[in-house]
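The lines below spell out each chain.
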Amino acid sequence: QVQLVESGGGLVQAGGSLRVSCAVSGRTFSRYAMGWFRQAPGKERESVADISGSGGTTYYASSVKGRFTISRDNTKNMVYLQMNSLKPEDTAVYYCASGTAFMPYAGTYAYWGQGTQVTVSS
């Protein structure tokens, strides 16, 4: 059974930093791309960042590029999202997802975590 568990969300002031983490179990972690998504109240879920199975390829939404960094530790089955220079518009529930292919966008995201709330105050 594949499980994804996010942690590290919270309340932070605008301009601050936060790191959210995702622990994955139940599959060969390094074989699959991982992604971070977010959903704000009243809005559709959007992709934030993706990373290949090896960690060598990353993609970012234009709204977070230069501020957020996705990374993974294949020895610990963990994926991270470091968020710097946070803005109130970054407020959302953040979800990690595990893909069906090694490279992002070569497959889909089949497994999802329960989400962690990130709130950025102005």
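S.K.: Before we go on, may I ask you to explain the overall build of the protein in this structure?
M.R.: On a plain count of helices and strands, the protein comes out with zero helices and 11 strands. When the elements of the protein are put in sequence order from the N terminus, they spell out β-β-β-β-β-β-β-β-β-β-β. For the protein, the C-alpha radius of gyration of 13 Å lies close to 14 Å, the compact-globule estimate for 122 residues. When the backbone C-alpha atoms are referred to their principal axes, the protein occupies close to 40 × 25 × 25 Å.

S.K.: Help me understand the pairing of strand E8 (residues 78-83) in this model?
M.R.: On any regular strand, side chains alternate: one points to one face of the sheet, the next to the other face. When you tally the buried positions in E8, you get five out of six residues, the bulk of the element. Pairing of strand E3 (residues 18-25) with E8, which is carried by six bridges, proceeds in the antiparallel orientation. Paired with Leu18 across the bridge in E8 is Met83. Of the strand pairs in this sheet, strand E7 (residues 68-73) and E8 are connected by six bridges, and their pairing is antiparallel. Note on E8: the bridge partner recorded for Thr69 is Gln82. Here E7 folds back onto E8, and the loop between the two strands holds four residues, one of which, Asn77, carries a positive phi near 55 degrees.

S.K.: How do you make sense of the side chain of Glu6 when you look at a structure like this?
M.R.: Counting through the fold element by element, Glu6 comes out in strand E1 (residues 3-7). In this structure, Glu6 is buried with no salt-bridge partner, the nearest side chain bearing the opposite charge being Arg45 at 9.4 Å. Engagement of the side chain of Glu6 in a polar contact is seen with the backbone nitrogen of Cys96, the distance being 2.9 Å. A distance of 2.9 Å separates a polar atom in the side chain of Glu6 from the backbone nitrogen of Gly115. Ignoring sequence-local partners within four residues, the contact set of Glu6 consists of Ser21, Cys22, Trp36, Tyr94, Tyr95, Cys96, Gly113, Gln114, Gly115 and Thr116.

S.K.: Where do I start with the nonpolar core in this structure?
M.R.: Grouped burial of nonpolar side chains is what soluble globular proteins tend to show. Formed by 26 residues in total, the largest nonpolar core has its most connected members in Trp36, Val79, Leu81, Met83 and Tyr94. Of all the elements in the fold, those that place two or more residues in this core are E3, strand E4 (34-39), strand E5 (46-51), E7, E8, strand E9 (92-99) and strand E11 (116-121). Looking at this core element by element, the count peaks at four residues for E3. For Leu81, the residues in contact, after removing those within four places along its chain, are Leu18, Arg19, Val20, Trp36, Val48, Ala49, Phe68, Thr69, Ile70 and Tyr94.

S.K.: What am I meant to see in the pattern of salt bridges here?
M.R.: When their charged atoms lie close together, side chains carrying opposite charge are able to pair. Taken as a whole and judged by the stated rule, the model has three salt bridges. For the salt bridge of Glu46 with Arg38, the shortest nitrogen-to-oxygen distance reads 2.6 Å. Judged by relative accessible area, which is 33%, Glu46 ranks as partly exposed. Residue Arg38 is classed as buried on the basis of its relative accessible area, which comes to 6%. One salt bridge in this structure joins Asp90 and Arg38, with 2.9 Å as the shortest N-O distance. In this pair, Asp90 sits in the loop between E8 and E9 while Arg38 sits in strand E4, placing the two residues 52 residues apart along the sequence.

S.K.: So what exactly am I meant to see when it comes to the sheet that holds E8 here?
M.R.: Strands sit in the order E1-E3-E8-E7 across an open sheet of four strands; the sheet is antiparallel. Of all the strands in the sheet, the pair left with one neighbour each is E1 and E7. When strand polarity is set aside, the average angle formed by the axes of neighbouring strands in this sheet is 15 degrees. Pairing between E1 and E3: five bridges, direction antiparallel. The partner of Ser7 across the bridge, within E3, is Ser21.

Basis of the calculations
- Residues numbered from 1 in each chain as written.
- Predicted model: local features only at pLDDT ≥ 70, side-chain atom pairs only at ≥ 80, totals over all residues.
- Heavy atoms only, no water.
- Helix = DSSP H or I, 4+ residues; strand = E, 2+ residues; numbered from the N terminus.
- Rg over C-alpha atoms; globule rule 2.2 N^0.38 Å.
- Buried < 20%, exposed > 50% of the residue type's maximum accessible area, 1.4 Å probe, protein only.
- Pairing = 2+ DSSP bridges.
- Lys, Arg positive; Asp, Glu negative; His and termini not counted.
- Salt bridge = Lys/Arg side-chain N within 4 Å of Asp/Glu carboxyl O.
- Polar contact = N/O pair within 3.5 Å; in protein donor to acceptor, adjacent residues only side chain to side chain.
- Contact = heavy atoms within 4.5 Å.
- Core = buried A, V, L, I, M, F, W, Y, C linked by side-chain atoms within 4.5 Å.
- Axes fitted to C-alpha atoms, helices over the stretch in contact; angles between N-to-C directions.

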